[in-house]
Amino acid sequence: MSTDAAPPRNRYVVLGVLVLVYTLNYLDRQILGILALPIKKELALTDGQLGLMGGLSFALLYSTMGVPIAWLADRRSRSWIMAVCLAAWSLFTALCGLAGNFWHLFLARVGVGVGEAGGAAPAYSLISDYFPKRQRGRALAAYSLGIPIGSGLGVLLGGLIAASIGWRAAFLVVGIAGLVLAPVFKLVVLDPVRGGLDEATGIAAPSPSFRDVLRTVLPKASFWLLALGAAASSICGYGIAFWLPSFFQRSLHLSLVQTAWFYGAVNVLGGVLGIAGGGALADHLGKRSRSNYARIPAVAFLVAMPLFFAAINTRSLVLSFFLFVLPTGLNLAWLGPVISAVQHLAPAKMRSTVSALFLLVNNLLGIAVGYYYFGAVSDLLRPRFGEESLRYAIYSGAGFYLASSALLLFASRALPEDWVD
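Residues numbered from 1 in each chain as written. Predicted model: local features only at pLDDT ≥ 70, side-chain atom pairs only at ≥ 80, totals over all residues. Heavy atoms only, no water.

1. Here we look at the overall build of the chain
Definition in use: To qualify as a helix, a DSSP run of H or I must reach at least 4 residues; to qualify as a strand, a run of E must reach at least 2; elements of each kind are numbered from the N terminus. When we talk radius of gyration, it's over C-alpha atoms, and the globule rule is simply 2.2 Å times the number of residues to the 0.38. Only protein chains enter the accessibility calculation, which uses a 1.4 Å probe; a residue is then buried when its area is under 20% of its type maximum, exposed when over 50%, and partly exposed in between. Contacts are assigned to residue pairs with any non-hydrogen atoms lying within 4.5 Å of each other. Only the protein chains shown count as covering a residue, and every accessible area follows the Shrake-Rupley method with a 1.4 Å probe.
For the chain, the helix and strand inventory stands at 18 helices and zero strands. Taken over C-alpha atoms, the radius of gyration comes to 20 Å for the chain, in line with the 22 Å a tight globule of 421 residues would show. Once the C-alpha set of the chain is aligned to its principal axes, its extents read approximately 60 × 40 × 35 Å. The burial tally for the chain puts 62% of its 421 residues in the buried class. In the chain, the proportion of contacts linking residues at least 24 apart, taken out of those at least 6 apart, comes to 86%. Per element, the accessible surface of the chain, about 15400 Å² overall, is 71% carbon and sulfur.

2. Things to note about empty space enclosed by the protein
Where we set the bar: Definitions used throughout: a 1 Å grid over protein atoms alone; a cavity as a set of points that fits a 1.4 Å probe which cannot get out; a pocket as an open set with protein on both sides within 12 Å along at least five of seven lines; a lining residue as one with an atom within 4 Å of a point. Grid points are joined across faces, edges and corners, and a volume is the space filled by probe spheres set on the points. Nonpolar residues are Ala, Val, Leu, Ile, Met, Phe, Trp, Tyr, Cys and Pro. Charged residues are Asp, Glu, Lys and Arg, and all others, Gly as well, are polar.
According to the stated counting rule, one finds two cavities of 30 Å³ or more in the structure shown. There is about 440 Å³ of room inside the largest cavity. If you list the elements that add at least two residues to the lining of the largest cavity, you get helix H1 (11-34), helix H6 (120-130), helix H8 (146-165), helix H11 (221-250), helix H12 (256-285), helix H13 (292-312), helix H14 (317-332) and helix H16 (351-385). At seven residues, the largest contribution of residues to the lining of the largest cavity is made by H11. Residue composition of the lining of the largest cavity, grouped by class: 22 nonpolar, 10 polar and one charged. Taken as a whole, the second largest cavity encloses approximately 60 Å³ of empty space. Considering the residues around the second largest cavity, the lining is formed by Tyr62, Ser63, Gly66, Glu116, Ala117, Ala120, Ala121, Ala356, Leu359 and Asn363. Secondary structure elements with two or more residues in the lining of the second largest cavity: helix H3 (47-73), H6 and H16.

3. Regarding the pattern of salt bridges
Using the following cut-off: Salt-bridge detection follows one rule: a side-chain nitrogen of Lys or Arg within 4 Å of a carboxyl oxygen of Asp or Glu.
In this structure the tally under the stated criterion is six salt bridges. Arg351 is the salt-bridge partner of Asp129, the closest N and O atoms lying 3.6 Å from each other. Of the two residues, Asp129 sits in helix H6 while Arg351 sits in helix H16, which places them 222 residues apart along the sequence. Using a relative accessible area of 5% as the deciding quantity, one classes Asp129 as buried.

4. Digging into helix H4 (residues 78-96)
The criterion, for reference: The span one expects for a helix is its residue count, reduced by one, times 1.5 Å.
Taking 1.5 Å of rise per residue, the 19 residues of H4 would be expected to cover 27 Å, and the 27 Å separating its terminal C-alpha atoms lies within 8% of that figure. Among the residues making up H4, those that are buried are Arg78, Ser79, Ile81, Met82, Ala83, Cys85, Leu86, Trp89, Ser90, Thr93, Ala94 and Cys96.

5. Side note on the confidence of the model for the chain
Any region with low pLDDT has predicted coordinates that should not be read closely. This is how the line gets drawn: Every residue gets a pLDDT, meaning the predictor's confidence in that residue, from 0 to 100.
Overall, the predicted model of the chain reaches an average pLDDT of 84, with 94% of residues at or above 70. Scored below 50 in pLDDT, residues 1-7 shows 17 contacts in the model against residues more than four places distant or in partner chains. Across residues 200-204 the pLDDT falls below 50, and counting only partners more than four positions away or on other chains, this stretch makes six contacts in the model.

6. As for unusual backbone geometry
Of note, the phi angle at Ala44 is positive, near 55°, even though the residue is not glycine. Within the secondary structure layout, Ala44 lies in the loop between helix H2 (36-43) and H3. Although it is not a glycine, His253 adopts a positive phi angle of roughly 60°. Counting through the fold element by element, His253 comes out in the loop between H11 and H12. His253 sits in the exposed class, given a relative accessible area of 64%.

Quick look at the structure:
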């Protein structure tokens, strides 16, 4: 059950704690990328196995379990659900450090995915009840800053810890940090009234059934176009983010520590600029036309693609850094606009479940396909290109950005009709 609405003065403290939890979410998720080569060497894995372990093992239950957990979050305490899930995924992250073979690590990553399934969708719903409509694009973008910060810290801390005392210790350290944070999260984050900042009848409205949610959102073209557009970008975005640390070490011959600093800085700087810019543009241009919530990321992906090709082909580390920062930011600019739009495709009491359905499509394709795709193509090309096979695998995935841009442009036409105030 929900508690009283939180006082407005507390909303930024709550947002800060939610960002911290989301940072850990992505730190636990992305740390595997920087640790891929040490793990591959010790456990004797192929690139394809690494892709399965990083993608399918995590995404399968992360995506599917997110829907029933979010449905429960639309009826029970969102803060309790998130606290329990935080403790669960942190425990399984720590267990990754005890893995003795591929299957041990695969199953531990499955557990991480189950825990993280209860992270994002309830948080989207909470933020939409802490912040009024005019601020939601920026608030959701601020929450999404956990992605680049967590990704950057995952790369940096994972690399530094692994270089000093081993890859197993890196998993143990970040897992224990999450277990410590879980009770603090529950004390700080309360459940505000659902829809309390939208309409006077938000409390009295009955909780919808799962069938009601499906009937509301699935017939809307904008839902599918936004979800598939985000998924197409995520195939490339998640996949490249996972494999770039290996690319830097194999093709640019950086050490583990050099890769940690280099790619960690790229993630944080590019991601923060891109997400903050996307959220600000969504709140500003969304007032003029609701279609802009989809147009902003569509344009961003078109601009990102040639910049990324330039970055991957540059031998100068200094120039490469700045070229990677730009497409990294543009690749993440969709989060504020698209997530904000998804919140307005259904009434307030359906938001957690609708967000989970959106994430089901986005993550099942983005993570499961993206991680495995680049590893499998790299294995396929290895007889011809050797250590450079990963470079050509990355080339082949950039076309997903074009597909994403086209889908989001179609979504921009459908959004005004499907929007729910």
